[in-house]
Amino acid sequence: MSLQIEDLSAGYGRLEVLHGVSVNVEAGAIAAIVGANGAGKTTLLGAVSGLLRASAGSVRLGDRDVTRLGAESIAAAGLAHVPENRLVFPTLSLDDNLTLGAWTRRRQRGSKSELATRRAQVLAYFPRLADRLTQPAGTLSGGEQQMLAVGRGLMARPSVLILDEPSLGLAPLVIREIFAALGRLRTDEGLAILLVEQNVRAAFKVADHAYVMDRGRVLMEGEPSTLLADERVQQAYLGGGYVRVSAAETESDRPVRSPAVRVEGDEDRAHEGDRP
Ligand code: ATP
């Protein structure tokens with residue numbers, strides 16, 4: 001099932017943060033969204049999953065328009081949202097956290113044996129979780145918690161998976177493990193995956209299509225390799241420090257402070273989140 005976001009506007013109260021964003025993810029494809037801090041990436045995921053109400057535009061899952069539905073109905077329609085902060089239930093076991101994931105699509109949850117089958121499939125994507133089923137989720141490492149957060153989303157057998165910065169604070173090896181699993185999910189299950197990331201190189205390595213967001217708009221889109229070769233992307237996200245946006249994007253054509261975006265060379269400094 002595809003995810004089609006068309007001309008979507010949304011915000012908080014009277015503050016509009018997204019100004020007509022269009023993003024498309026086909027079934028069996030990964031799209032990456034990168035952009036400065038505050039560009040509106042998290043807001044976009046919230047508006048897609050129904051946590052925020054869109055003020056204009058539409059969100060479609062396959063043929064179905066879900067723009068006006070609440071988060072629970074959108075989850076039931078086949079979308080899983082893995083938010084940035086890895087919301088695992090810390091005192092519950094890893095296994096119980098997984099089981100809870102299946103409840104977001106009550107009707108499709110199926111029998112106990114179907115649940116067990118799904119659990120085994122999910123654990124096959126993240127084998128290191130299989131040894132820790134009884135461990136309280138709060139005692140897992142950062143990487144394991146991230147894998148659990150993704151795994152819990154997968155328990156409901158979604159068709160569309162959206163993830164907010166799954167690599168945040170994790171060591172390079174763990175990031176590779178998680179992104180490799182996303183690649184397999186795309187192929188094996190035909191998922192449409194929308195990945196918001198600040199780790200541009202890791203995201204672009206796995207993505208089929210990429211978007212650059214800036215101040216609530218899509219600034220550029222294309223093949224990841226094409227965007228990586230673009231001077232503006234290189235300056236903004238791969239070591240430059242400043243990006244000059246076109247006059248059409250801002251009132252004055254002054255350089256805009258670029259974000260603190262982690263790039264490949266920085267990965268070695270990102271170990272602290274994956275403590276044992
Ligand atoms: P980051 O990479 O830092 O997570 P982002 O691209 O995900 O940034 P958002 O978190 O979507 O950006 O924020 C976009 C804008 O919306 C920011 O200016 C932010 O201050 C504002 N914003 C976010 N959440 C709220 C909120 N609950 N109430 C009011 N404004 C908000």
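Residues numbered from 1 in each chain as written. Predicted model: local features only at pLDDT ≥ 70, side-chain atom pairs only at ≥ 80, totals over all residues.

1. Section: the nonpolar core
Phase 1 of the analysis: Judged by nonpolar contacts, the single largest core of 79 residues is most densely connected at Ala31, Ala32, Ile33, Ile193, Leu195, Ala203 and Ala207.
Phase 2 of the analysis: Element by element, the count of residues in this core is highest for helix H8 (residues 172-189), at seven residues.
Phase 3 of the analysis: The contact partners of Ile193, leaving out residues within four places of it in the chain, are Val25, Ile30, Leu161, Leu182, Leu185 and Arg186. (Core = buried A, V, L, I, M, F, W, Y, C linked by C-beta atoms within 7 Å. Buried ≥ 20, exposed ≤ 12 C-beta atoms within 10 Å, placed from the backbone. Helix = DSSP H or I, 4+ residues; strand = E, 2+ residues; numbered from the N terminus. Contact = placed C-beta atoms within 7 Å.)

2. Quick word on the packing of helix H3 (residues 94-101) against helix H7 (residues 142-154)
Phase 1 of the analysis: Relative to each other, H3 and H7 sit at 35°, their axes nearing to 7 Å. Taken as a pair, H3 and H7 cross one another with a handedness that is right-handed. Side by side, H3 and H7 meet where Leu94, Asn97, Leu98, Leu100 and Gly101 of the first sit next to Leu148, Gly151, Arg152 and Gly153 of the second.
Phase 2 of the analysis: Its residues placed into classes, the contact of H3 with H7 shows four nonpolar, four polar and one charged. (Axes fitted to C-alpha atoms, helices over the stretch in contact; angles between N-to-C directions. Left-handed = near helix turned anticlockwise from the far one by under 90°. Nonpolar A, V, L, I, M, F, W, Y, C, P; charged D, E, K, R; others polar.)

3. Digging into the site of the ligand
Phase 1 of the analysis: All residues adjacent to the ligand are Tyr12, Leu15, Val17, Gly35, Asn37, Gly38, Ala39, Gly40, Lys41, Thr42 and Thr43.
Phase 2 of the analysis: When residues of the shell around the ligand are traced back to their parent elements, those giving at least two are strand S2 (15-25) and helix H1 (41-49).
Phase 3 of the analysis: When residues in the shell around the ligand are grouped by element, the largest group, three residues, is from H1.
Phase 4 of the analysis: Counted by class, the shell around the ligand contains four nonpolar, six polar and one charged residues. (Near = placed C-beta within 6 Å.)

4. Describing the sheet that holds strand S9 (residues 209-214)
Phase 1 of the analysis: Spatially, six strands are ordered S6-S7-S8-S3-S9-S10 in an open sheet, and the strand pairing comes out mixed. Unpaired on one side and paired on the other, strand S6 (79-82) and strand S10 (217-222) mark the two borders of the sheet. Taking each pair of neighbouring strands and ignoring which way they run, the sheet shows an average axis angle of 15°.
Phase 2 of the analysis: By the bridge criterion, five bridges tie strand S7 (residues 160-164) to strand S8 (residues 192-196) in an arrangement that is parallel. In the sheet register, Asp164 faces S8, and the bridge partner there is Val196.
Phase 3 of the analysis: H7 rests against S6 and S7 of the sheet, and its axis sits at about 165° to S6. (Pairing = 2+ DSSP bridges.)

5. A closer look at the pairing of S7
Phase 1 of the analysis: Across the five residues that make up S7, a large majority, five, are buried.
Phase 2 of the analysis: The alternating pattern of S7 places Val160, Ile162 and Asp164 and Leu161 and Leu163 on opposite faces, both of which are buried.
Phase 3 of the analysis: One ladder, built from four bridges, connects S6 with S7; its direction is parallel. The residue bridging Leu79 from the neighbouring strand is Val160, located in S7.

6. Looking at the sheet that holds strand S4 (residues 54-61)
Adjacent strands of a sheet form backbone hydrogen bonds with each other and so pair up, either parallel or antiparallel.
Phase 1 of the analysis: The strand order across the open sheet formed by four strands is S2-S1-S4-S5, and the pairing between neighbours is antiparallel. At either margin of the open sheet sits one strand with a lone partner, and together these are S2 and strand S5 (64-65).
Phase 2 of the analysis: Here S4 pairs with S5 via two bridges, running antiparallel. The residue of S5 that forms the bridge with Leu61 is Arg64.
Phase 3 of the analysis: Across the sheet, H1 touches strand S1 (3-12), S2 and S4, and the angle it forms with S2 is around 70°.

7. Thoughts on H7
The α-helix advances 3.6 residues per turn, and as a result positions three or four apart in sequence lie on the same side.
Phase 1 of the analysis: Taking 1.5 Å as the rise per residue, H7 with 13 residues should run 18 Å; its terminal C-alpha atoms sit 18 Å apart, in good agreement.
Phase 2 of the analysis: If you check which residues of H7 are buried, you get Gly143, Glu144, Gln145, Gln146, Met147, Leu148, Ala149, Val150, Gly151, Arg152, Gly153 and Leu154. (Expected span 1.5 Å × (residues − 1).)

8. Quick word on the environment of Gln4
Phase 1 of the analysis: Along the chain, Gln4 turns up in strand S1.
Phase 2 of the analysis: Along the sequence, Gln4 and Arg64 sit 60 residues apart, while their C-alpha atoms lie 9.9 Å from each other.
Phase 3 of the analysis: Apart from the residues lying within four places of it in its own chain, the contact partners of Gln4 are Asn24 and Arg60.

9. Examining the confidence of the model for the chain
Phase 1 of the analysis: When pLDDT is averaged along the chain, the result is 85, and 83% of the positions lie at 70 or above.
Phase 2 of the analysis: Note on residues 240-276: pLDDT under 50 across the span, and 58 contacts to partners over four residues away in sequence or across chains. (pLDDT = per-residue confidence, 0-100.)

10. So, unusual backbone geometry
Phase 1 of the analysis: We note that Asp7 has phi near 50°; this positive angle belongs to a residue other than glycine.
Phase 2 of the analysis: Structurally, the position occupied by Asp7 is in strand S1.
Phase 3 of the analysis: Overall, Asp7 belongs to the partly exposed group, with 13 C-beta atoms counted inside 10 Å.
Phase 4 of the analysis: Phi at Arg157 is positive, roughly 50°, even though this residue is not glycine.
Phase 5 of the analysis: Position of Arg157 relative to the elements: it lies in the loop between H7 and S7.
Phase 6 of the analysis: Here Arg157 falls in the partly exposed class, since 19 other C-beta atoms lie within 10 Å of it.

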